[in-house]
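# Observations on the model geometry
So you can see what is in the structure, the chains are spelled out below.
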Number of protein chains: 2
Amino acid sequence: MAEPKKVCIVGSGNWGSAIAKIIGNNALEKPDMFAKEVRMWVFEEMLAVPDLVESAKDADILVFVIPHQFVRGVCNQMKGHLKEGVVAITLIKGFDIAEGGGILLISQVIRSTLEIPCAILMGANIANEVALENYCEATIGVKSAELGATLKALFQTRYFRIVVVNDKETVEVCGALKNIVAVGAGFADGLGYGDNTKAAVIRLGLMEMIKFCEVFYPDCQQSTFLESCGVADLVTTCYGGRNRRVSEAFVKTGKSIEELEKEMLNGQLLQGPATAAEVNIMLKSKSMEDRFPLFTAIHRICKGMIPAKDFLECLKNHPEHL
Amino acid sequence: MAEPKKVCIVGSGNWGSAIAKIIGNNALEKPDMFAKEVRMWVFEEMLAVPDLVESAKDADILVFVIPHQFVRGVCNQMKGHLKEGVVAITLIKGFDIAEGGGILLISQVIRSTLEIPCAILMGANIANEVALENYCEATIGVKSAELGATLKALFQTRYFRIVVVNDKETVEVCGALKNIVAVGAGFADGLGYGDNTKAAVIRLGLMEMIKFCEVFYPDCQQSTFLESCGVADLVTTCYGGRNRRVSEAFVKTGKSIEELEKEMLNGQLLQGPATAAEVNIMLKSKSMEDRFPLFTAIHRICKGMIPAKDFLECLKNHPEHL
C-alpha cells in the first residue's frame, strides 16, 4: 500500500473555497489514498510568503487555484522547497504571455518553473453553483492514467462529476479560446440577431477552436471538444458570462472595450479581447488569419479596425462552407 | 453540359416559404444548373391532390417540407408518376413510427415508398430568421458527392451557409433526439438549477445522442455532431424552443404533458416526450436503458413514473463518469 498522499491547495477566491470543500471531504472519505490534513495556503496578493513554502513543502499534490497573473511569482517562491515526486494540477483559467507574444499555458509555466508534472481541471463550473452542490461536470487532462485515477478520486463527488482525458493541452486551451467566441456571441446579441445567427457564431467558433489546436497543439483529439471543458463550457460562456455581456454593450453603446472595462468591471481586464489579441499574433506569425475569419474579425472589431456591424460579413466566406 | 434540373417543392408553412425564396433565387442565378421555373405544390391538408402529381411529374429534384405526418400520404399519391432519375431532399424535422414501435426516419419513408435517393437538410434554422436573411448555417447529409454539390448549389446563399456531409442518418437523427435533450434542459430550468447543471444536461444529452447513433446507425461519424445539425441545433433548442418551455412548466405547475399541450400548444403534440417514448422502446428492445440514463429518466418523468425532482439523481452514476 502506498502512503496516503498529502494535498496542498494554493488557492483563493470562491473557486478556491468551493474546491477546498470538495477535496477536504474526499480526503476524509478516502483515508487510504489521501492524508486527512489538507493544507490550504490562501493567496492574498503575495503576503505570507514564508507560509507558502511551509504549507507546500511536504505536499504530494499541489492544487493551483489563484489568479493567473500570480502563478509565476508563487512558483518562483516554492522552487527548490518541494518534495521529490510532487505533482501539480491547475484549475486556473486564462493564460500567460509567451516571449514575443502569443499564448503560454499556465500548466506550461508551472511545469517549466517547478520541473514537475502538471495536470489540468476545467469545465462549466461557476464557483457559487459548485459550492451549492448543484450537479455539474468537469474534465481533467493528464497524460498518466495512474495520476488521472488519483486526481479523479480527489475531485469527484456525487454532484461534481469528472471525466479524465489524456489530451491535456486541449483541455486548457479550450478554457482560453472560449472567451473569444463569447465576444462574438455578444456581438451577435448586440447587433440584434436571433437564435440562428448566434448558434452559427458559437459553432464556427468551436470549429476555429478545433482548427487552432490542430495547428498549434497537433496531438489534440476532436473528442476532447465534446467534454465539459469544450462544448459545455463554451455554451455556458456564450449565453451567460461577462465576455458576452460586455461585448453586447460594446456594440450597443459604441464605447471602447477599455471604457467598458472601467464602467462594467471596475477596471478589470476582459479576457476575450486580450486572448483574441494574443491569438492574432500567433495566427499572423503563420500567415493564417484568413483561415480563422471569426477569431480575426473579433480581434479587429475589439481594436476598432473594422466596425462591429461588419462582423457577419466577415463570416460569409468561412472556410467551413467551401 | 447536363440539362438544367427542374425543382419541385412539396411545401407548406413558414419554412416552406423561406426555402422557396432561397431556391427560387438560386435557380435564377444559376440557369446552367437549374430550370428557372421552380414549381411549388403548397400542401393544404391533402386537398388538391391531382395538382401534386402534375407539379411533381417532370421534377428532377423534389424538396419535401411539409408536416411529417403527411409524408406517407403524399408519397403514395406521387408513386408511379415521377420521372426516371428523380431525387429527393427532406427538410422535415420529426420522424415516423416503425412497425412495433421505434423511430423510422422520414428519409426512409420517402426512399422506401418512392424508391428514389433521399438527402436531408437540417440545422439551427428558425424559419422567420431565415426569411429575414439573417446569417445562419445548415447541414446537408447525402451519400453521393455529386448530388451533394448540386444540392449545395441549390440551397446555399450568402446568408444561408451549407456544409455537406455523407453521414446522412446522423444528420436526420440529431433533429429528432435534440428534442428529448431539450425536455431535460427544461426540467433543469424548472427545478431552479443554474448554468453548470444545464450545461451538464446538454452535454450528457449530446453524448447519449452520439451513443444512440453508434448503436442503431453504426456508420455514424462523431464529426457530424459538430455540424449545424448537431451541436448548434441542440443548443438553440435547449435555450429557446417549445420543448424546453413546456418542460419547465411541467416541473413548475405539476400538470401533465397532455394538459400542457392543450393549454400551451393548442393541443399539438410536444415532440420531445413522444420521441423519448419511441426511443425508449428501442433501448428496451436491446436492454440498454441503463446505458442511456438521461433519455430514460426523461421518458419516465414525462410518463409520471418518477418525480421530476429525481432527474439529476438519475444522472449521478452516468456511464460517462465511470
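First, a word on what this report is: a plain description of the structure on this page. Counting starts from 1 at the beginning of each chain's written sequence and moves along it residue by residue. As they are written, the chains are lettered A onward and the ligands numbered 1 onward, keeping that order. Given that the model is predicted, a residue must reach a pLDDT of at least 70 before its local features are reported, and side-chain atom pairs must reach 80 or more before they are shown or counted; all residues, however, enter totals for whole chains, interfaces and linings. The side-chain numbers reported here are obtained from all heavy atoms of the structure, hydrogens and water having been left aside.

### A word on the overall build of chain A
The test is simple: Going along the chain from the N terminus, every DSSP run of H or I of four or more residues is numbered as a helix, and every run of E of two or more is numbered as a strand. To get the radius of gyration, use the C-alpha atoms; to get the globule rule, take the number of residues to the power 0.38 and multiply by 2.2 Å. For every residue, the accessible area (1.4 Å probe, protein chains only) is compared with the maximum for its type, and the residue is labelled buried under 20%, exposed over 50%, or partly exposed between those bounds. Here, residues are in contact when the closest pair of their heavy atoms is within 4.5 Å. In this tally Asp and Glu are treated as negative and Lys and Arg as positive; neither His nor the chain ends contributes. Just so you know, the charge point we use is NZ for Lys, CZ for Arg, CG for Asp and CD for Glu.
On a plain count of helices and strands, chain A comes out with 13 helices and nine strands. Against the compact-globule benchmark of 20 Å for 322 residues, chain A has a radius of gyration of 20 Å, which places it among compact chains. Overall, chain A is about 60 × 40 × 40 Å in size when its C-alpha atoms are taken along their principal axes. Residues classed as buried in chain A amount to 61% of the 322 residues present. Contacts in chain A between residues far apart in sequence, at least 24 positions, make up 73% of those at least 6 positions apart. Across chain A, the 34 positively charged side chains and the 39 negatively charged ones have centroids separated by 2 Å.

### Comments concerning empty space enclosed by the protein
Note the threshold: Grid points spaced at 1 Å and placed over the protein atoms alone form the basis of the search, with a cavity being a set where a 1.4 Å probe fits but cannot get out and a pocket an open set showing protein on both sides within 12 Å along at least five of seven lines. Lining residues have an atom within 4 Å of a point. Grid points are joined across faces, edges and corners, and a volume is the space filled by probe spheres set on the points. Following the grouping adopted for this structure description, the nonpolar residues are Ala, Val, Leu, Ile, Met, Phe, Trp, Tyr, Cys and Pro, the charged ones are Asp, Glu, Lys and Arg, and the polar ones are all others, Gly among them.
This structure, assessed with the given rule, holds two cavities of 30 Å³ or more. One number sums up the size of the largest cavity: a volume of about 60 Å³. Around the largest cavity, the lining residues are Val-231, Ala-232 and Val-235 of chain A together with Ala-199, Ile-202, Arg-203, Leu-206, Val-231, Leu-234 and Val-235 of chain B. Residue assignment for the lining of the largest cavity shows that the elements contributing at least two residues are α9 (228–239) of chain A together with α8 (195–216) and α9 (228–239) of chain B. Ranked by the residues each element gives to the lining of the largest cavity, the list is headed by α8 of chain B, at four residues. The space that makes up the second largest cavity amounts to roughly 50 Å³. Ala-199, Ile-202, Arg-203 and Leu-206 of chain A together with Val-231, Ala-232 and Val-235 of chain B are the residues that line the second largest cavity. Elements with a minimum of two residues in the lining of the second largest cavity: α8 (195–216) of chain A together with α9 of chain B. Among the residues forming the lining of the second largest cavity, the class breakdown is six nonpolar, no polar and one charged.

### A short note on the interface of chain B and chain A
In plain terms, the rule: Accessible area, probed at 1.4 Å, shrinks when two parts are joined; the buried area is that loss added up over both. Note on definitions: salt bridges are taken to be side-chain nitrogens of Lys or Arg within 4 Å of carboxyl oxygens of Asp or Glu. Contacts described as polar in this section are N or O atom pairs within 3.5 Å, which, within protein, must combine one atom able to donate a hydrogen with one able to accept it, while residues neighboring in sequence count only if both atoms come from side chains.
Taken residue by residue, the interface counts 46 residues in chain B and 46 residues in chain A. For the pairing of chain B and chain A, the buried interface totals around 4100 Å² over both sides, and the portion due to carbon and sulfur atoms is 54%. The largest per-residue losses of area from chain B upon contact with chain A belong to Tyr-135, Asn-196 and Leu-226 of chain B, which jointly make up 21% of the total buried on that side. The tally of links between chain B and chain A comes to six salt bridges. A salt bridge links Arg-203 of chain B to Glu-137 of chain A; the shortest N-O distance between them is 2.8 Å. At the boundary of chain B with chain A, the tally comes to 24 residue pairs in polar contact (both at pLDDT 80 or more). Breaking the side of chain B that touches chain A down by element, the ones donating at least two residues are α5 (127–131), β8 (136–141), β9 (160–165), α8 and α9 of chain B.

Coordinates in, geometry out; function isn't part of it.
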